[in-house]
Amino acid sequence: MAALKFHVNTLWISALSFLIVFACLPSEASSQVQLSAGETVYVSIYSNVYSGPKKVPFQLAAMLSIRNTDPKYPITILKADYYDDHGAIIDTYIKEHFELKPLASTHFYIREYDKRGGPGANFIVKWRSTRQVNQPIIEGIMLGLTSGQGLSFICPGQIIREHDE
C-alpha cells in the first residue's frame, strides 16, 4: 500500500512539473535581438507547489537570475522586490542601484524553507541603461528535493512596462 501511495505521489509530481515547465516556457522563440534602455519585468516565483488529492505542499528553493546579455555595455539594476501571492511586498533585495557589467550576472536566493511567498510569489525587477542594449535575461529558477523526488523548472520574466527614461 505504501508503494502505491508513493507511486501515485510520484505521478502527481511528475505531471505537475510537466505542466509548470510548459506553462512557463515562452510561446515562441524570438529570432530578432530586442534592444531597450530599460524595463520593468515581472518574474513568477513558486515557494511551493501542491501535489496529490490532499494538496500536499512541495517546498521549493527559488533563485531570481539577472543576466546582462550585452557584450559591450553595462546595465543598472534599480529594483528587485519580492512579493507574496497576495501582492504584499516581502523584501527589497536592492538597497542601492548597482551596475551589472557586460555579460555579467547576479542572483537572489530564496531558501526552500522560506514559505512567505507562497505559490503565487513574484519579483518585480527594474533596470536601465544609458543607451539601447540587448535585453537582459531575467528568470526565476525553482528547485525542490523531498524523499528522493526532485522538481525543477524555470519561469522567464515578462516585461510589464517599458521605461522612457
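S.K.: What should I look at first to understand the overall build of the protein in this one?
M.R.: Scanning the protein for helices and strands turns up one helix and twelve strands. The linear arrangement of helices and strands in the protein, starting from the amino end, is α-β-β-β-β-β-β-β-β-β-β-β-β. Put simply, the protein has 165 residues, and 39% of those count as buried. Sequence-distant contacts in the protein: of pairs separated by 6 or more residues, those separated by 24 or more amount to 76%. Total accessible area on the protein is roughly 9,900 Å²; 57% of this is exposed by carbon and sulfur atoms.

S.K.: For this particular structure, what's the right way to read the nonpolar core?
M.R.: Inside soluble globular proteins, nonpolar side chains tend to come together where they are buried. Counting residues in hydrophobic clusters, the biggest one holds 27 residues, and the most contacted among them are Ile45, Leu64, Ile66, Phe123 and Ile138. Listing elements by their share of this core, those giving two or more residues are β1 (35-45), β4 (61-67), β5 (75-83), β8 (105-110), β9 (121-134), β10 (137-146) and β11 (149-156). By residue number, the principal contributor to this core is β9, which donates five residues. Once you skip the residues sitting within four places of it in the chain, Leu64 turns out to touch Val43, Ala80, Thr106, His107, Phe108, Phe123, Val125, Ile138 and Glu139.

S.K.: Before we go on, may I ask you to explain the environment of Ser65 in this structure?
M.R.: Assignment of secondary structure puts Ser65 in strand β4. According to the relative accessible area criterion, Ser65 is buried, its value standing at 4%. Ser65 sits 74 residues away from Glu139 along the chain, and the two C-alpha atoms are 5.4 Å apart. One polar contact links Ser65 to Arg67, side chain to side chain, over a distance of 3.4 Å.

S.K.: Teacher, can you tell me more about the packing of aromatic side chains here?
M.R.: Each aromatic ring pair is specified by the distance between its two centres and by the angle formed by the two planes. By the definition in use, this model includes five aromatic pairs. Between Tyr46 and Phe153, the ring centres sit 5.4 Å apart and the planes meet at 70°, which makes this aromatic pair edge-to-face. On the criterion of sequence distance, the pair formed by Tyr46 in the loop between β1 and β2 (48-51) and Phe153 in strand β11 is long-range, its members being 107 residues apart. Under the relative-accessibility criterion, Phe153 is labelled buried at 3%. For the pair Tyr93 and Phe123, a centre-to-centre distance of 5.5 Å together with 55° between the ring planes defines the contact as tilted.

Each value, and the rule that gives it
Residues numbered from 1 in each chain as written. Predicted model: local features only at pLDDT ≥ 70, side-chain atom pairs only at ≥ 80, totals over all residues. Heavy atoms only, no water. Helix = DSSP H or I, 4+ residues; strand = E, 2+ residues; numbered from the N terminus. Buried < 20%, exposed > 50% of the residue type's maximum accessible area, 1.4 Å probe, protein only. Contact = heavy atoms within 4.5 Å. Areas by Shrake-Rupley, 256 points an atom, 1.4 Å probe, with all protein chains shown as cover. Core = buried A, V, L, I, M, F, W, Y, C linked by side-chain atoms within 4.5 Å. Polar contact = N/O pair within 3.5 Å; in protein donor to acceptor, adjacent residues only side chain to side chain. Phe/Tyr/Trp six-rings, centres within 6.5 Å; stacked < 30°, edge-to-face > 60°.

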